Amino acid sequence: MHINFEYFGERIQEENYLLKAYEALDLLLEKKGPGSEFTGWVDLPVCYDKEEFRRIEWAAKKIRKDSDVLICIGIGGSYLGARAAIEALTPLVGKRGTEILYAGNHLSSEALEEILEYIQDKEVSLNVISKSGTTTEPAIAFRILRTWMEEKYGKKEAARRIFATTDKQKGALRTLAQTEGYETFVIPDEVGGRYSVLTAVGLLPIATAGIDIAAMMEGAAAAMVYTKKDPENPAIRYAVHRYDLYHRLGKQIEILVQYDPHLVMLSEWWKQLYGESDGKEGQGLWPASASFTTDLHSLGQMIQEGERNLFETVIFVDHCKKHLYLKEEGENLDGLNYLAGKTLHQVNEKAFLGVKKAHLQGGVPQLAIHLDYLDPWHLGYLFYFFELSCGIGGYMNGINPFDQPGVEAYKTSMFRELKKPGYF
Ligand code: PA5
């Protein structure tokens, strides 16, 4: 197994919930649970469209050749997975190759204006991503950026630089793409936004960032081993622990913690996955996140001594590729000679162990998910692990983990404010 699952804290009654977890797994695999029409992601790592996969690789190669910048236009599940993977697997500073920017994930004119200014003298491609093809934020950003592209390149060349990822038949974006002749990729009907990172939604931007998407799919396929009923299965254990911590031990907040700034956006992806899947019918653990050791100097106080209503799930990457050694210094003015000979990664490991003990003393139960390495294969593996465990946990809670009816409320209210036809 490439995920090593640990738990520290008050005893979890795993044996009491295993049967419930197995039943939930059956519902998922046999497609008999609520929302089963959106469980296409379960087999996706082995059943994906290979012809489209090759077109994604071709498009990524083209964009890398002719564009300084690819702007991904999308929101929620239509951008978080790609950004999570790209930030996890490419340098945070000094990126090489085509730079990936994000738009359509907010309504800030300042932020969009900054992009427009930044790309003035750059070669640009767009990837507009929307399953419904009608989401307001990306639709607005696309209208503005499409106009910019057509003014810069002319309609014909702009069309060659615009890639649309959307439903295979429906929606305004599909119609627009067909009319304008954009290259299109499909978001399968049976895969919802937050489970779509391993479709064209995530794969085109990720491949454009120079990441090996074939390895990512292989990693995800390897994680399908977690569809087995086994008390040691980490996907089942994770779902069972969350269930017991929430229902019996009364925890209300789960903080996803990681020890590497490359993983900040992975936490954002995870928050959407669990937030939109779990938060229904007046229940659900609140998915929060923290980046350690950074946030030990901000949220750390609250975690250690605030209200005891939370637990932590720590992602720790056991092996790192780049080792920085601390050297002995003659004068030891900074007092760090006691660390001489150690790597920074070893110091980070000790931080993880020290924080674990301190937070345990503070009454914070902790789950630890150890990942061997941070590379495309392991990230694909981790994506699948979280998706699967989320599906199992949702069915254990008796809800539909694949819809998001609550998201509509703000849209309706905003449309009334905007006086959208049909809403006032
Ligand atoms: O997970 C989801 O389904 C949502 O977060 C969607 O991804 C998000 O609302 C964007 O929707 P769309 O892709 O239709 O523009």
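Everything in this summary refers to the structure shown in the same document. (Residues numbered from 1 in each chain as written. Predicted model: local features only at pLDDT ≥ 70, side-chain atom pairs only at ≥ 80, totals over all residues. Heavy atoms only, no water.)

Overview of the packing of helix α3 (residues 50–66) against helix α9 (residues 213–222)
Put simply, α3 and α9 touch, their axes get as near as 11 Å, and they point 145° apart. Where α3 approaches α9, its residues Phe53, Ile56 and Glu57 are matched on the opposing element by Ile213, Ala214 and Met217. For the contact of α3 with α9, the class distribution of residues is five nonpolar, no polar and one charged. (Axes fitted to C-alpha atoms, helices over the stretch in contact; angles between N-to-C directions. Helix = DSSP H or I, 4+ residues; strand = E, 2+ residues; numbered from the N terminus. Contact = heavy atoms within 4.5 Å. Nonpolar A, V, L, I, M, F, W, Y, C, P; charged D, E, K, R; others polar.)

Structural notes on the packing of helix α1 (residues 14–29) against helix α14 (residues 376–396)
Running from N to C, α1 and α14 point in directions that differ by 110°, and their axes come no closer than 8 Å. Here α14 runs roughly perpendicular to α1, going by the angle between their axes. For the element pair α1 and α14, the recorded crossing hand is right-handed. Contact residues: Tyr17, Lys20, Ala21, Ala24, Leu25, Leu27 and Leu28 in α1; Leu388, Gly391, Ile392, Tyr395 and Met396 in α14. Among the residues making up the contact of α1 with α14, the classes are represented as 10 nonpolar, one polar and one charged. (Parallel < 35°, antiparallel > 145°, perpendicular 65-115°, else oblique. Left-handed = near helix turned anticlockwise from the far one by under 90°.)

Some points on the environment of Val197
If you trace the backbone, Val197 turns up in the loop between β6 (183–186) and α8 (200–208). In sequence terms Val197 and Leu336 are 139 residues apart; their C-alpha atoms lie 43 Å from each other. Those residues in contact with Val197, other than ones at most four positions away along the chain, are Gly81, Ala82, Gly202, Leu203, Ile206, Trp269, Phe383 and Glu387.

Thoughts on α1
Between its terminal C-alpha atoms α1 stretches 21 Å, which fits the 22 Å expected from 16 residues at 1.5 Å a residue. Those residues of α1 that sit buried are Glu14, Tyr17, Leu18, Ala21, Tyr22, Ala24, Leu25 and Leu28. Residues of α1 that are buried make contact with α10 (234–247) and α14. At the exit of α1 stands Lys31, carrying a positive phi of roughly 55°. (Expected span 1.5 Å × (residues − 1). Buried < 20%, exposed > 50% of the residue type's maximum accessible area, 1.4 Å probe, protein only.)

Structural notes on empty space enclosed by the protein
If you walk through the whole model with that rule in mind, you get one cavity of 30 Å³ or more. By volume, the largest cavity is sized at about 70 Å³. Lining of the largest cavity is provided by Ala239, Arg242, Tyr243, Tyr246, Asp278, Gly284, Leu285, Gly393 and Asn397. Broken down by class, the residue content of the lining of the largest cavity amounts to four nonpolar, three polar and two charged. (1 Å grid on protein atoms, 1.4 Å probe; cavity = no way out; pocket = protein on both sides within 12 Å on 5 of 7 lines; lining within 4 Å. Points joined across faces, edges and corners; volume = space filled by probe spheres on them.)

Focus on the pairing of strand β4 (residues 124–130)
With seven of seven residues buried, β4 is to be regarded as a mostly interior element. Burial along β4 is two-sided: Val124, Leu126, Val128 and Ser130 and Ser125, Asn127 and Ile129, pointing in opposite directions, are all buried. With five bridges joining them, strand β2 (residues 69–73) and β4 adopt parallel strand pairing. By the bridge assignment for β4, Ile73 is matched with Val128. (Pairing = 2+ DSSP bridges.)

Points about the pattern of salt bridges
The full count for this structure, using the stated rule, is 25 salt bridges. Between Glu276 and Arg194 there is a salt bridge whose closest N-O contact spans 3.0 Å. On the criterion of sequence distance, the pair formed by Glu276 in helix α11 (residues 264–278) and Arg194 in the loop between β6 and α8 is long-range, its members being 82 residues apart. Members of the salt-bridge network, linked through shared partners, are Lys62, Asp66, Glu123, Glu157, Arg160 and Arg161. (Salt bridge = Lys/Arg side-chain N within 4 Å of Asp/Glu carboxyl O.)

Details of the site of the ligand
The immediate surroundings of the ligand are formed by 13 residues, with Ser78, Ser130, Ser132, Thr135 and Gln272 found nearest. Separating an oxygen atom of the ligand from a backbone N or O atom of Gly77 is a distance of 3.0 Å. Interatomic distance of 2.6 Å between a side-chain N/O atom of Ser78 and an oxygen atom of the ligand. Expressed as a share of its isolated accessible area of 380 Å², the protein-covered part of the ligand is 89%. Here the shell around the ligand is built from residues that sort into one nonpolar, nine polar and three charged. (Near = heavy atom within 4 Å. Polar contact = N/O pair within 3.5 Å; in protein donor to acceptor, adjacent residues only side chain to side chain. Areas by Shrake-Rupley, 256 points an atom, 1.4 Å probe, with all protein chains shown as cover.)

Some remarks on the packing of aromatic side chains
Within the structure shown, the criterion is met by 25 aromatic pairs. Where Tyr274 meets Phe386, the ring centres are 6.3 Å apart and the plane angle is 85°; that geometry is what we call edge-to-face. With a gap of 112 residues between them, Tyr274 in helix α11 and Phe386 in helix α14 connect regions that are remote in the sequence. Comparing Tyr274 with Phe386, the two get one shared label, buried. Measuring from centroid to centroid gives 5.0 Å for Phe415 and Tyr423, while their planes differ by 65°, and the two rings are edge-to-face. What links up through ring pairs into an aromatic cluster is the set Tyr226, Tyr238, Trp269, Trp270, Tyr274, Trp377, Tyr381, Phe383, Phe385 and Phe386. Above the ring of Tyr118, the side-chain terminus of Lys122 is found at 4.2 Å from the ring centroid. (Phe/Tyr/Trp six-rings, centres within 6.5 Å; stacked < 30°, edge-to-face > 60°. Lys NZ or Arg CZ within 6 Å of the ring centre and 35° of its normal.)

Some remarks on the nonpolar core
Trp269, Leu382, Phe383, Phe386 and Ile392 are the most contacted members of the largest nonpolar core, which totals 89 residues. At 12 residues, α14 tops the list of elements feeding residues into this core. Excluding its chain neighbours within four sequence positions, the residues that come into contact with Leu382 are Ile3, Leu266, Ile315, Ile369 and Leu371. Formed by 25 residues, the second largest nonpolar core is a distinct cluster that contains Ile119, Val124, Val128 and Tyr153. (Core = buried A, V, L, I, M, F, W, Y, C linked by side-chain atoms within 4.5 Å.)

Here's the deal with a nonpolar patch on the surface
Where nonpolar side chains cluster on the molecular surface, the patch consists of Leu107, Ile140 and Ile144 and spans about 250 Å² of accessible area. Assignment of secondary structure puts Ile144 in helix α6 (residues 136–160). A relative accessible area of 36% means that Ile144 is categorised as partly exposed. (Patch = residues over 30% accessible without salt bridge, like charges linked within 9 Å, V, L, I, M, F, W, Y side chains within 5 Å.)

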